[in-house]
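Listed below are the residues making up each chain.
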Amino acid sequence: MTQNRPDVFFVPLEDNENPDSVERKTRLLFDEAGFQSIINPSKSVAIKTHFGERGNRTHLTPDQIRPLVQKVKEYGGKPFLTETSVLYKSNRSNALDHILLAYEHGFTFENVGAPIIMADGFLGVWERKITINGEFYDKVGIAGDAIAPDALLIVSHATGHLLSGLGATIKNMGMGLSSRMGKLNQHSEVAPKVDAALCDLCKTCIKWCPEDCILENDGAAFIQEEKCIGCGECLAVCKTGAVQFTWDASSDNMQKKMVEHAYGVYLEKKDSMAYITFLTNMTKDCDCLKSKEKMVPDMGIMASFDPIALDMATLDLTRQRYQQNLSKLAYPDRNPMVQIDHGVKLGMGSKEYRLVEIKAS
Ligand code: SF4
Ligand code: SF4
């Protein structure tokens, strides 16, 4: 920390750097960032990550998580991996199927060295209410066991995101550690419509919609607004641009709601939390969708005790390297500063920071 600016530690990576080298640099970053300070002997440390949707091949890998598990153990902590169920119909909508998919993706005890414990229970409905006195909520719904561990390491994969522009630390906490009701509340204002003139009735969205709320009507797809949970899946799969959201209001509100859920976790655990973000395999959409090509070459790994500074640094570093930040590269009409500024306003962190580059051979 320098003059009240938090440190963001950055270790550069080459594009597609070999896994042994990434593992070594991850371990170095953990030490340089001082993350041992949140670990107490024989105390639990939850590592929150994302195991990837079926068909996604660009999510974080067991090779990227294993060195963090090893580091926690080296400092005497008891690590485990944690996640929550998603809203939509998928292999990740309940704990059992989600864990089995995580195993398929290599996140086994043998491979990573830690078990998986879902934070929201078998059916994904276990919830705690946290008082935050925010702009949208007095209380937010957080996965019941998200704040139960002694320490929490938030390990995020930086991607674009079709609703929030940027999917990184704030999203990993705000969406990824909220309860099912918390997730619904964040999405609830986002109701898409189909422009019939652009729809060629390919029916992809009808097959993909997790709530079965898209019908065929008069030669075009039609969304039953009252059943829609605003997950955005139809927007992602529509190739003609027929599915349209009212972005200006809904994206901004959704981002602020996401931050307020992240703030609930932060308020409870802020003295025993640390954050790591991988700027690798940066895709247009988050790991809840099937992989597309990565948009830009890999850049590195960052670590901080400040979640806002870390996401700000993700935007800054990608802009400096690729002229446009990660959010603009993915969804040019989204404004991720909404989530950053709301996080600052709530007192979750700072958008001013000191970048500390770690030299690693
Ligand atoms: S956003 Fe689209 S895919 Fe998601 S529930 Fe609504 S209509 Fe279905
Ligand atoms: S995916 Fe797009 S083009 Fe295909 S049916 Fe749905 S709205 Fe129409």
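About the criteria used
Residues numbered from 1 in each chain as written. Chains lettered and ligands numbered in written order. Predicted model: local features only at pLDDT ≥ 70, side-chain atom pairs only at ≥ 80, totals over all residues. Near = placed C-beta within 6 Å. Nonpolar A, V, L, I, M, F, W, Y, C, P; charged D, E, K, R; others polar. Pairing = 2+ DSSP bridges. Helix = DSSP H or I, 4+ residues; strand = E, 2+ residues; numbered from the N terminus. Axes fitted to C-alpha atoms, helices over the stretch in contact; angles between N-to-C directions. Contact = placed C-beta atoms within 7 Å. Domains from an automatic or database assignment. Parallel < 35°, antiparallel > 145°, perpendicular 65-115°, else oblique. Left-handed = near helix turned anticlockwise from the far one by under 90°. Expected span 1.5 Å × (residues − 1). Buried ≥ 20, exposed ≤ 12 C-beta atoms within 10 Å, placed from the backbone. Arc of directions from axis to C-beta. Core = buried A, V, L, I, M, F, W, Y, C linked by C-beta atoms within 7 Å.

A.B. asks: Residues and numbers for the site of ligand 2, please.
C.D. replies: Contacts to ligand 2 come from 14 residues, most closely from Cys199, Cys202, Cys205, Cys238 and Ala242. Of the residues assigned to the shell around ligand 2, the class counts are 10 nonpolar, two polar and two charged.

A.B. asks: Please provide a residue-by-residue account of the sheet that holds strand β3 (residues 78-82), values included.
C.D. replies: The strand order β3-β2-β6-β13-β14-β1-β15 describes an open sheet built from seven strands, whose pairing is mixed. Edge positions in the open sheet fall to β3 and β15 (354-357), since each of these has one partner strand only. Here the strands of the sheet are splayed against their neighbours by 20° on average, with no regard to which way each runs. As paired elements, strand β2 (residues 44-48) and strand β6 (residues 151-157) share four bridges and run parallel to each other. Bridge assignment links Lys48 to a residue of β6, and that residue is Ile154. Each of β1 (7-12) and β14 (300-304) touches helix α1 (residues 19-32); the most contacted strand, β1, lies at about 160° to it.

A.B. asks: Could you give an account of the domain arrangement of the protein, naming the residues involved and the relevant values?
C.D. replies: When the domains of the protein are assigned, the result is domain 1 (7-187 + 248-357) and domain 2 (193-244). Between the C-alpha centres of domain 1 and domain 2 the distance comes to 29 Å.

A.B. asks: Please give an account of the packing of helix α10 (residues 307-322) against helix α12 (residues 337-346) that cites residues and values.
C.D. replies: Relative to each other, α10 and α12 sit at 155°, their axes nearing to 10 Å. In terms of axis orientation, α10 runs roughly antiparallel to α12. Considering the relative orientation of α10 and α12, their crossing is left-handed. The segment α10 lies against α12, with Ile308, Asp311 and Met312 engaging Ile340, Gly343 and Val344. Looking at side-chain class alone, the contact of α10 with α12 contains four nonpolar, one polar and one charged residues.

A.B. asks: Pulling in residues and values, what's your account of helix α2 (residues 62-74)?
C.D. replies: A rise of 1.5 Å per residue sets the reference length of α2, with its 13 residues, at 18 Å; its end C-alpha atoms lie 18 Å apart and thus fit the reference within 8%. Buried residues of α2: Gln64, Ile65, Arg66, Pro67, Leu68, Val69, Lys71 and Val72, and no others. Packing partners of the buried residues in α2 comprise α1, β2, β3, α4 (109-112), β6 and β13 (273-279). One or two steps after α2, the chain reaches Gly76, where phi turns positive at roughly 90°.

A.B. asks: Can you tell me about unusual backbone geometry, naming the residues and giving the values?
C.D. replies: Trans is the common state for peptide bonds, and a negative phi is the common state for residues other than glycine. Even without being a glycine, Leu201 presents a positive backbone phi close to 55°. Turning to its location among the elements, Leu201 is positioned in the loop between β9 (193-194) and α7 (204-208). Despite not being glycine, Gln323 shows a phi value in the positive range, around 70°. Residue classification places Gln323 among the exposed residues on the basis of 9 C-beta atoms within 10 Å.

A.B. asks: Give a description of α1 that names residues and reports values.
C.D. replies: Every α-helix winds through 3.6 residues per turn, so residues three or four apart in the chain are directed the same way. Look at α1: 20 Å from first C-alpha to last across 14 residues, which is about the 20 Å you get at 1.5 Å a residue. Within the span of α1, buried status applies to Val22, Lys25, Thr26, Leu29 and Phe30. All buried residues of α1 lie within an arc of 145° about the axis, which places them on one face of the element. Packing partners of the buried residues in α1 comprise β1, α2 and β14. After α1 finishes, the residue Gly34 shows a positive phi value of roughly 75°.

A.B. asks: Could you give an account of the nonpolar core, with specific residues and numbers?
C.D. replies: Membership of the largest hydrophobic core comes to 87 residues, with the highest contact counts inside it found for Ile47, Leu153 and Met302. Beyond its immediate sequence surroundings of up to four residues, Leu153 is in contact with Val45, Ile47, Leu68, Ala274 and Ile276. Grouped together as the second largest cluster of nonpolar side chains are 12 residues, Val194, Ile223, Cys234 and Ala242 included.

A.B. asks: Help me get a handle on the pairing of β1, residues and values and all.
C.D. replies: A regular strand places its side chains on the two faces of the sheet in alternate fashion. As defined by bridge partners, β1 adjoins β15 across four bridges and the pair is classed as parallel. Note that in β15 the partner of Val8 across the bridge is Leu355. Bridging between β1 and β14 involves five bridges; their strand directions are antiparallel. Considered in β14, the bridge of Val8 is made with Ser304.

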